[in-house]
Amino acid sequence: MRVQTLLLYRAWALFYAMDFASVRATCDALLPAIDQRTHAPWRRLCLTLSGAAEVGLGNPERALDRALTARGEMDRQPALGDWYWRLLLQRTL
C-alpha cells in the first residue's frame, strides 16, 4: 500500500498542476487495487481526485459518478481523513 499512497499523493500534486489526464490515469490504475474495506481513506481520495480531474477534463457525467460514489462511501461508513477530502469533494460537486 505504500506505493499506492505515494502515487495518490503524486496524483494530488498533479491535480493542482492541472495535469488532469495524469490524475485520471493514475486513479484509474489504482482503484481496482484499493480494497474498500481495509483502505477506505485511500479509495475515497482516489475517487475524489478522479472526479475532480474529470471536471477539469470536461466530463461532468463521469465526474459526478465518481464524486457521488465517494460521498456515498463517506456517508455510509466514515473513515479517518474523510473530513479533509470532503473539501475537494464539495468543490467537485
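No experiment lies behind these values; they were computed from the predicted model shown. (Residues numbered from 1 in each chain as written. Predicted model: local features only at pLDDT ≥ 70, side-chain atom pairs only at ≥ 80, totals over all residues. Heavy atoms only, no water.)

### Quick notes on the packing of aromatic side chains
The description of an aromatic ring pair uses the distance of the two centres, along with the angle that the planes make with each other.
Step number 1: According to the stated counting rule, one finds 7 aromatic pairs in the structure shown.
Step number 2: Plain terms: the ring middles of Trp12 and Trp85 are 4.9 Å apart, the flat faces sit at 75° to each other, and that makes the pair edge-to-face. Of this pair, Trp12 sits in helix H1 (residues 2–16) while Trp85 sits in helix H5 (residues 82–92), and the two are 73 residues apart along the sequence.
Step number 3: A relative accessible area of 10% places Trp85 in the buried class.
Step number 4: What links up through ring pairs into an aromatic cluster is the set Tyr9, Trp12, Trp83, Tyr84 and Trp85. (Phe/Tyr/Trp six-rings, centres within 6.5 Å; stacked < 30°, edge-to-face > 60°. Helix = DSSP H or I, 4+ residues; strand = E, 2+ residues; numbered from the N terminus. Buried < 20%, exposed > 50% of the residue type's maximum accessible area, 1.4 Å probe, protein only.)

### Topic: a nonpolar patch on the surface
Step number 1: Taken together, the side chains of Leu64, Leu68 and Leu93 make up a nonpolar region of the molecular surface, amounting to roughly 240 Å² of accessible area.
Step number 2: If you trace the backbone, Leu93 turns up in the segment after H5.
Step number 3: Judged by relative accessible area, which is 41%, Leu93 ranks as partly exposed. (Patch = residues over 30% accessible without salt bridge, like charges linked within 9 Å, V, L, I, M, F, W, Y side chains within 5 Å. Areas by Shrake-Rupley, 256 points an atom, 1.4 Å probe, with all protein chains shown as cover. Salt bridge = Lys/Arg side-chain N within 4 Å of Asp/Glu carboxyl O.)

### Some remarks on the confidence of the model for the chain
Step number 1: Mean pLDDT over the chain: 92, with 99% of residues reaching 70 or higher.
Step number 2: Mean pLDDT across the secondary structure elements of the chain bottoms out at H5, with 91, and peaks at helix H2 (residues 20–30), with 97. (pLDDT = per-residue confidence, 0-100.)

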